[in-house]
Amino acid sequence: MKSIKFGNKKALQIVSNDIKTHIKSGIKESSNMEITTRYYNFLNEKNMHLLKNDEYKVCVNTFGHKYLLFLTKYNNKNYCIFINKKREDMIYVKFRFSDELFSNTLFDGELIKNEKNDWVYAITDVIAYKNECVLKNKTLEERQKLLKNILDNEHVYDEMIDFCVMDQKEYFDLKYLEDIYKKYIESITYKCSGVYFQHSSNYRKGFMYIFPEFRTTEKTQEQSTTDTTITTTENKSSINIEPNKKYPFNFQIKQTDLPDIYQLFYLNKSKLISHGYAGIPDMETSKLLANVFDAMGGSDDVKVVVTCEYSEKFSKWTPQKITNNAVGDVVKKI
C-alpha cells in the first residue's frame, strides 16, 4: 500500500493487484455491480414521461466525488475501502462499524467538503448488506430505513479513528421538486449540480438532471455598524436593517414541510422579518434541531430561538445552539 493524503487525513492507496481483485470479486458477488458502470440515464424531453410520482424519489446531486464504500475482510482483517467510481482507485480508511458488516457491505455516496472544511460521506444508498444484495428484495424506502439503522446502531463515530463524518442523503417525493429547487438547495451548505431521480424498486432506472446553471449571487453594498448592517438601495427611500454577518446573531427558527429546511426570522421594529433558510452543515446540527421540534410535537405555540454564525463560504447563517435570549439580540464574541 502507498501512503497518500486523502481528504484532510493520511490514508493508504491499495496497489496490490491481489487485494484489488479480491475487492472487485467481493463487490460482484454481493451486489452484481460493476464499479464504473453508470446505472442511470440523463433526463431529457424524450424520457421525461417515464417519471411517475408513485415510482420515483428525488435527491440532490452535488459537486462531490462519487465513491463506493466497501466493508470487507482480507486475510481475516477488516477493511473499509473507498473506491472512486471513475478511476477505480481504492483507498483504505478506518471507520468504527460493527464487525458483522465486514462480510461484504456496500454503500454508494459522495464525498463532500462542508463549510468547516471537513469531509462528509453523504450516503445515497446501501447496495449490499452482509453479503446480500438488498437491491433485489428491498425498495428504496426500505433501504433508506436500513441505512438509518446502520448509521444509528451499527456505526459509532470516533473522531480519532473515523476518516470522516457519515451522513445520509434525503430523498423526497416528486411533489416537493419545486420546494427542493427553491428552498432545500438554498438551505444546504454545499453547491448542487442537479437532482437525481431514483426508482423505488429498480436501481437501474435512475435519471440524472444537471442544472443549466446553479444560481447567481447579486452583491449589494453594505455599510457596517456595530450591531447591524444597514443596506440601502439606490432610488429607494426604505432602509433594510439586517444582522451583521461579522457577529453571532439570534434568530427565531421555524420548521417547513421538508426535512432539514428551517426558516430564519429576526425583528425589525417589533415586526418579524423572514431572513431566508438556515444552513445545516452536518448531522449534529440536523439532530439538534430535529430533537427540539420533535419534543414540541408539531406545535407552533412555542418559539424557538437559535444563535447562528454566518458562513462566508456558503453565504448562510448556521445554527450553533438553542438560546433563551430574545430574537434579534446580537451576541458578541468575548
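Refer to the structure presented above.
What comes next is a walk through the structure. (Residues numbered from 1 in each chain as written. Predicted model: local features only at pLDDT ≥ 70, side-chain atom pairs only at ≥ 80, totals over all residues. Heavy atoms only, no water.)

**Some details on the environment of Asp167**
The line we're drawing: Each helix is a run of DSSP H or I of at least 4 residues and each strand a run of E of at least 2, with the numbering of both proceeding from the N terminus. Throughout, a contact is declared for two residues whenever any of their heavy atoms are within 4.5 Å.
Mapped onto the elements, Asp167 comes out in strand E11 (residues 165–168). Along the backbone, Asp167 and Ala122 are 45 residues apart, and their C-alpha atoms lie at a distance of 4.7 Å. If near-sequence neighbours (up to four positions away) are discounted, Asp167 is found in contact with Val120, Tyr121, Ala122, Ile123, Leu151 and Met283.

**Here's the deal with the pairing of strand E6 (residues 77–84)**
Quick reminder of the rule: Whether a residue is buried, partly exposed or exposed follows from its accessible area with a 1.4 Å probe, protein chains only, as a fraction of its type maximum: under 20%, in between, or over 50%, in that order. Any two strands between which DSSP finds at least two bridges are classified as paired.
Extensive coverage of E6 is indicated by the burial of 6 of its 8 residues. Judged from the 8 bridges that link them, strand E5 (residues 65–74) and E6 form a sheet pairing that is antiparallel. Directly across from Thr72, in E6, lies its bridge partner Tyr79. A loop of 2 residues connects E5 with E6, the two strands running antiparallel in sequence, and Asn75 in this loop sits at a positive phi of about 55°. In the sheet, E6 pairs with strand E7 (residues 90–93) via 4 bridges, with the strands oriented antiparallel. Within E7, the position partnered with Phe82 by the bridge is Ile91. Linking two consecutive strands that pair antiparallel, namely E6 and E7, is a turn of 5 residues; a positive phi of about 65° is found at Glu88 within it.

**Some details on the packing of aromatic side chains**
Aromatic rings in a pair are described by how distant their centres are and how their planes are angled relative to each other. Just so we agree on the cut-off: Aromatic pairing here means that ring centres of Phe, Tyr or Trp (its six-membered ring) are within 6.5 Å. Orientation follows from the plane angle: under 30 degrees is stacked, over 60 is edge-to-face, and everything else is tilted.
Evaluation of the coordinates by the stated rule reveals 21 aromatic pairs. Geometrically, the ring pair formed by Phe6 and Phe163 is stacked, given 5.0 Å between the ring centres and 20° between the ring planes. Taken together, the residues span a long stretch of sequence, with Phe6 in strand E1 (residues 2–6) and Phe163 in the loop between helix H3 (140–153) and E11 at a distance of 157 residues. When its relative accessible area of 9% is taken as the criterion, Phe6 is described as buried.

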